[in-house]
Amino acid sequence: MTSATGTLTAPRRAAPRPLRTLAGEQIAVASGQLAAGVGNLVFSLVAARLLAPGAFADLAAFLALYLVIHVPTASLSAGSALRPALADRARRRVAGAGLGAGALIAAAALPASAALHVPFAMLLALAAAAPAAGLLALERGRLYGLGRTRRAAASLAIEPAVRLSAGVALGALAGPAGAAAGVVLAGYAALAVAHACGDAPASGTAAAPAAGGAATGATVLAFLGLALVQNQDVLVANAQLPAAEAGRFAVLSTLGGVAAFATTTVPLMLLPRASAGERRALPAALGVAGALGVAAALVVAADPGALVAAVFGDRYADVASLAVPYVIAMALLGVARVLIAHACATGAARAALGVLAATVVGHLVLLLVMGDTAAGVAHATLLATTGLTAGAGGAAVVRLPSVRGALGPRPAPVALTLAVCVAVGLVLRVLATRGLWLDEATSVQQAQLPFGRMLDELRTTDVHPPLHHAVLWVTVRLIGTSEFAVRLPSLIAMTALIPVLYAAGRELYDRRTGLAAAALATVAPFTVWYADEARMYGFFMLFGTLALWMQVRAIRTGRTRDFLLWAAAAAAMIWTQYFAVLFVGAQAIAYVAAIARPGVDRDARRSLAVRAAGAAALVALAVAPLVPFALHQFEVNQAAGRGFGSSVPSQAGATASQNEGLAQPSIYAAITNALWAVLGYHSDRTMTALAAVWPLAMLGALALLGRGRSHVTQLLVLCALVPMAGLFAVGQLKPFVFEVRYFSAAVPIALLLIARAATGWTRRALPAVAVVGALVALLGLGEADQQLNSSNPRQFDFRGAVEQIHKRAGPHDVVVLSPPYVDSVVAYYGDGLRLRSAERGVPKPTAHRHVFVLGSFFDKPQYAALTRKSVRQLRRDGRQVAAFHRPQIRVWEFAR
Amino acid sequence: MKAVPTDPRLREPTWTAASPGRAHRLRVRLLTALAIPLALFYFAWLLTPGRIGHPVLYALLVAAELFNLAQAAGFWWTCARERSRRPCALHGASERPEVDVFVPVYDEPADVVEPTIAAARELRGARVSVWLLDDGGREEMRALAARRGARYVARSERSGAKAGNINNALRRSRAPYVVVLDCDHVPAPDMLEATLGHLAAEDMAFVQTPQYYANAGVNALAGAAWSQQALFFGAIARGKDGHDAMFCCGTNVVFRRAALEDAGGFPEGSLTEDFELSVKLHARGWRSAYVPRVVARGLGPEDMASYVGQQHRWARGCLGSIGAVLRGDLPLRLRLQYLLSCSYFLTGWTILVYMSFPVIRILTGAQPLAAAGADQFLMHFAPYFALALYMVALMGSGAYTFRAFALQAASFWIHVHASLAVLLRRPGSFKVTPKRGASGRQPRAVLPGLAAITVLVAAAMYGLLRAQDPGTLNNAAFALVHVTVLAAGIAPALRGAGPAAAVAADERTEALRRAA
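In this text, all values refer to a predicted model and were calculated from it rather than measured experimentally. (Residues numbered from 1 in each chain as written. Chains lettered and ligands numbered in written order. Predicted model: local features only at pLDDT ≥ 70, side-chain atom pairs only at ≥ 80, totals over all residues. Heavy atoms only, no water.)

Novice: Honestly, the overall build of chain B in this entry has me stumped. Any pointers?
Specialist: The number of helices and strands found in chain B is 19 helices and 10 strands. What you see for chain B is a C-alpha radius of gyration of 24 Å, in line with the 24 Å of a compact globule of 516 residues. For chain B, contacts bridging at least 24 residues in sequence account for 84% of all contacts bridging at least 6. Summing over all exposed atoms, chain B offers an accessible surface of approximately 21,100 Å²; the carbon and sulfur share of this is 60%. (Helix = DSSP H or I, 4+ residues; strand = E, 2+ residues; numbered from the N terminus. Rg over C-alpha atoms; globule rule 2.2 N^0.38 Å. Contact = heavy atoms within 4.5 Å. Areas by Shrake-Rupley, 256 points an atom, 1.4 Å probe, with all protein chains shown as cover.)

Novice: Any chance you could explain unusual backbone geometry here in plain terms?
Specialist: For residues besides glycine, phi is generally negative; the peptide bonds are generally trans as well. Residues and elements named next belong to chain A. In this chain, Ser-818 is followed by Pro-819 through a cis amide linkage whose omega measures 0°. Mapped onto the elements of the fold, Pro-819 is located in the loop between strand 3 (814–818) and helix 36 (823–829). A positive phi angle is found at Gln-888, which is not glycine, with a value near 70°. Note on placement: Gln-888 falls in the loop between strand 6 (879–886) and strand 7 (889–895). You can call Gln-888 partly exposed: its relative accessible area is 26%. (Buried < 20%, exposed > 50% of the residue type's maximum accessible area, 1.4 Å probe, protein only.)

Novice: Just checking my understanding: could you explain the side chain of Asn-673 of chain A for this structure?
Specialist: Within the secondary structure, Asn-673 of chain A is located in helix 29 (residues 667–679). Leave out the neighbours within four places in its chain, and Asn-673 of chain A touches Phe-738, Glu-739, Val-740 and Phe-743 of chain A.

Novice: Any chance you could explain helix 18 (residues 438–447) of chain A here in plain terms?
Specialist: For an α-helix, the turn length of 3.6 residues means that residues three or four places apart are oriented alike. The element helix 18 of chain A is largely enclosed, with a buried count of eight among its 10 residues. Elements that come into contact with the buried residues of helix 18 of chain A comprise helix 19 (451–461), helix 20 (467–479), helix 21 (483–508), helix 35 (798–808) and helix 36 of chain A.

Novice: I'm lost on the packing of helix 24 (residues 537–557) of chain A against helix 33 (residues 746–760) of chain A in this one. Help?
Specialist: How two helices sit against one another is set out by the angle between their axes and by the gap between those axes. All names here are of chain A. The geometry of helix 24 relative to helix 33 is characterised by a closest axis approach of 8 Å and an angle of 55° between their N-to-C directions. The angle between helix 24 and helix 33 falls in the class oblique. Each of Met-541, Thr-545 and Leu-548 in helix 24 lies in contact with helix 33, whose residues at this interface are Val-747, Pro-748, Ile-749 and Leu-752. (Axes fitted to C-alpha atoms, helices over the stretch in contact; angles between N-to-C directions. Parallel < 35°, antiparallel > 145°, perpendicular 65-115°, else oblique.)

Novice: What's the story with a nonpolar patch on the surface in this structure? I'm lost.
Specialist: All names here are of chain A. A cluster of nonpolar side chains, contributed by Val-361, Leu-364, Val-365, Leu-368, Val-369 and Leu-431, occupies part of the molecular surface with about 490 Å² of accessible area. Among the elements that take part in the nonpolar patch, helix 14 (residues 349–370) stands out by supplying five residues, more than any other. Mapping Val-369 onto the fold places it in helix 14. (Patch = residues over 30% accessible without salt bridge, like charges linked within 9 Å, V, L, I, M, F, W, Y side chains within 5 Å. Salt bridge = Lys/Arg side-chain N within 4 Å of Asp/Glu carboxyl O.)

Novice: What's the story with the pattern of salt bridges in this structure? I'm lost.
Specialist: Pairing between side chains of opposite charge can happen when their charged atoms approach one another. All names here are of chain A. Throughout the structure, instances matching the rule amount to 41 salt bridges over all chains. Here Arg-273 ties to Glu-25 by a salt bridge, and the two come within 2.7 Å at their closest N and O atoms. Here Arg-273, found in helix 10 (residues 265–275), pairs with Glu-25, found in helix 1 (residues 19–50); they are 248 residues apart in sequence, far enough to count as distant. With a closest N to O distance of 3.0 Å, Arg-434 and Glu-533 form a salt bridge. In this pair, Arg-434 is assigned in the loop between helix 17 (411–431) and helix 18 and Glu-533 in the loop between helix 23 (525–531) and helix 24, connecting sequence segments 99 residues apart. Residue classification places Arg-434 among the buried residues on the basis of a relative accessible area of 6%.

Okay, here's the thing in structure tokens:
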């Protein structure tokens, strides 16, 4: 290749190395890192035994400050790993900056010592360590860049070795100052080992093409951002939480730090290899980071209580339930670091920085909103790292050559818009929280049983298939039974729905429709509501959308893979919700129509018929084991007067959907369900007002004149209407089944159709964006009313009511429940409360026993009467001392 | 690369009038079979005595609904029997037949007329004589005829408008076949090859072809006007042909001279001379045919005033022909078909009735129906309405758009005015639809629509300020529906046809100048 300035040498590309070799390199360096971590931990434990408690506290403070100066400088490693030559050029400047920082620390040591309550000598030691911090990061990065893995591992390992030898010896001689000096010495030793290495790359290593200054700068910036995500929760927790709670989070942070620390070197090793075009470097790095993360999570999950108690003492035992989620958060961060590093090394630094910036801001917002407890901070970090991993992963998927081709000529804005939608959607779904509802509490109770017993319980008392329960069972065991934990599967499903809807919209129509559908799904009240419910409806919507997408792909491409994916999605949908058979039935009709449509040649017709029949057979095969399960459920429940004949309300807020006292679903019920599907749940008054403006639907129908009838639109309408119409018909016999939850797979379809209508009427971008923006605003308004309006008949604040009872109740007090079936949700929140069914009568209040009545479901005459009867009885037997109400719930307290 | 002509009439048509096929016809019939019970379901519910709310309003509602049902049923009946004839040249004759092509003009610009004359001279399949029938008596037209090799005829006495002009030419010519072309309709070279074959049957009076608006893309109004035409010249015209009831539309039509002479030429006292001529011919036993193929490309109205003028003339003419239809010796099927076409121009009354209901309900509380919740009403009405709408979409093959519907609804007052004029026997005059759109705003052309919007908005606001109960919301929503439809219909007049129409006309002139 020549240019005006002479001959340019193309970057040397070594022959692609096997995955095993690349993974081996990663493991070698990560082992050094692990050894360093373990060594440093041992040094701390030895120092704890060697030094007096006060002296050890001084050393701990020094170590924390030592970490503070090393964490930001570590991002320099990323720069020199990507560009090893940078180390030579930047060495003097970094040394100068380090010396300056050291001098500054030394100069400020005296006043800082008093302010921070850290001995003066310690601060001098810190000043001495400062020049090495940046240099060490720079040199280690250079080693990663040159592929000098052994040297890098040695540099990592020498540090704890010197700490344990010189540090322990000096500590024994001179106390904490000596130990600190040992730590500083260890840093310089590591620097010496790292520095004493030539500039030649290791044999067999592909030289990374010299990255531009801008790319290197962006990489350094990205790693600084990652450091922020890793550490800002500690800072916020310290600033925001009371000391005890901050201490609880410090325990979590330390445990999570292990997982994060273990994967630190993986992205740094990846940078030069990815930059050199080693395609297998990414899977190798992801594999190692993932394995280390999973290993860390498994170690902690084995017995978190015992681990926390053993390492931090019994007083921190109650943070054990948060240990696994937080370690998972840090493990995800390790994976995200790999993805971000890969993006930086392959010329997608801007997108990576965008995702990172959104995560940093989102994380901070979450911390400020949710961070009033250690659990809240941990969950905020879990959300942030999940979002970061999803965003970075999505961006990586988008960059895959096959996907890139499918995305069209301008993938970056699409990826960015999608990333923003996912981030906003995730934050919205997390913020829009509420207390558990009856069915959720029942599901959680069932999921806590051993697996076999849970299935048995489902078979004999429930009316739903077991897929969601199985996932919940695993979730409960992995991350506990907190509200967040049990809703996490739904949260993930409903967040994943956003990119899946984009992909489906793009496949079915075009990119513009896909983006509009994703934007609508981000704020659509129905999707947000069921992201926050530990039930199967989120899965139902996700699998339904996947099935639809895959079916269209299968018909268009005729590829076996797409038919198999459709079969998997369809089967999963039925395993999630029985009424999905209506949806799959509609899809079967669509297959028949596709086979029979004119203009298809005979071979293509036959091929499509064979594949569709095969896929349908697979679905039937996959669903076959469910049939006896379902039949048993039906028989047992019918015989016991539960399930399909149950008196337990399966829907709340039905008033708005009923008209003129009709028990059977009516057109008004259909309108109300349609409004719920699109605009979410609202007060009966709002729903009645919204239903009254049905003539606007006529306008909508008229507006469709001349809009054409594509096969895809027909398929969507078929898949949305068949389940709805089917349940409407069944609802004439069993009224409660006609409820949007049971055909909730139609909701994403409705969003797709709305997105198509909003974008398809004009070719110009601006009007389409304006219409989509208006629709997003409308849905956002619906979402705000749904979440904030306490008149929403689906807002049952059992949590608030029980918390208030808890504050007032003593150990002998009794809570009378009306209706009795709210026991599971009250028990979930009211651990230790003595519960009693109102149907069993009310106990008399005594001098030592207050009696509470918790009443709900006042729209059901029998329960309203039961509550009235209980309260009247207690007024006769005692005196009312308090009464309060929460949304849809009233509580009375009686004493003698 | 092939250059695209600037005059839209010289471009290939983007629409086909032919039937989508047998599957389409089967679908139409199946849906018709489904629509009938749904309509019965709704009307059985509506006509239950207990439904009567305010008696007068109820009577108006029932009358409007029955009228619309009759129109809808007529539409389904028409379309269910569609016939899609193939083009057919005249075979068997020893020599090519003689054809006179009449192009009547009045005050149209030369740049509009000249391509028509030029193209008519190029017609294949017959020995063609082109006649430029100039009722304007302009030298410019005489020169044009001379330049293009057409015969020029001008009258000293201009009675009978377009009909009189054609009749005058009929007396001067002698070819056995006569083609009538509006001066803006540029014929395709194969027009006669596609139509003359159908005149082989001795009792065939005329063969009609679509009136295609090539300027549909010029602006929203032209597009909407074309959309209405597309529904007629697509499904409806094919259906009418299936019933042997296709009537002459005044242009793009080939007549047998003998039939015209038998009918005494075009009726000169009518505003829709073509329509009345058809009635006369059918009454005298002649037959007609429709070839669903675009063989001439013309210009539709490009501004609201032109559209209003055209619709008003058609409405008055057709409504004025009801007497002739009833009096004529027509078979029942044809009589019903003609009555359907005539009475279409009463649709505006039903729109007026529907618009008045929410206003009356909000202002007085009176409503047509009693003892019926919205739920019940929807249960009975929604399936019928949805299917009827779907059938329009299906039968129009997507050509009939919301804009076309809105334009029709916003023209409600034209129907009202025209029917009153007919009822009061007010004299009407034949006004040629302008072939060039005005580029400015034309609020005067839509004043009744604006007044209706004002009343509806004021009533809805008054109602909502007074109460927000479901009943008021429901009626306010109805008012909003009407307002939206009317606003969409009159919007082109308020926006102005835009420079596009004027530019299109200038481009035509420029193209002609270059060609010359």
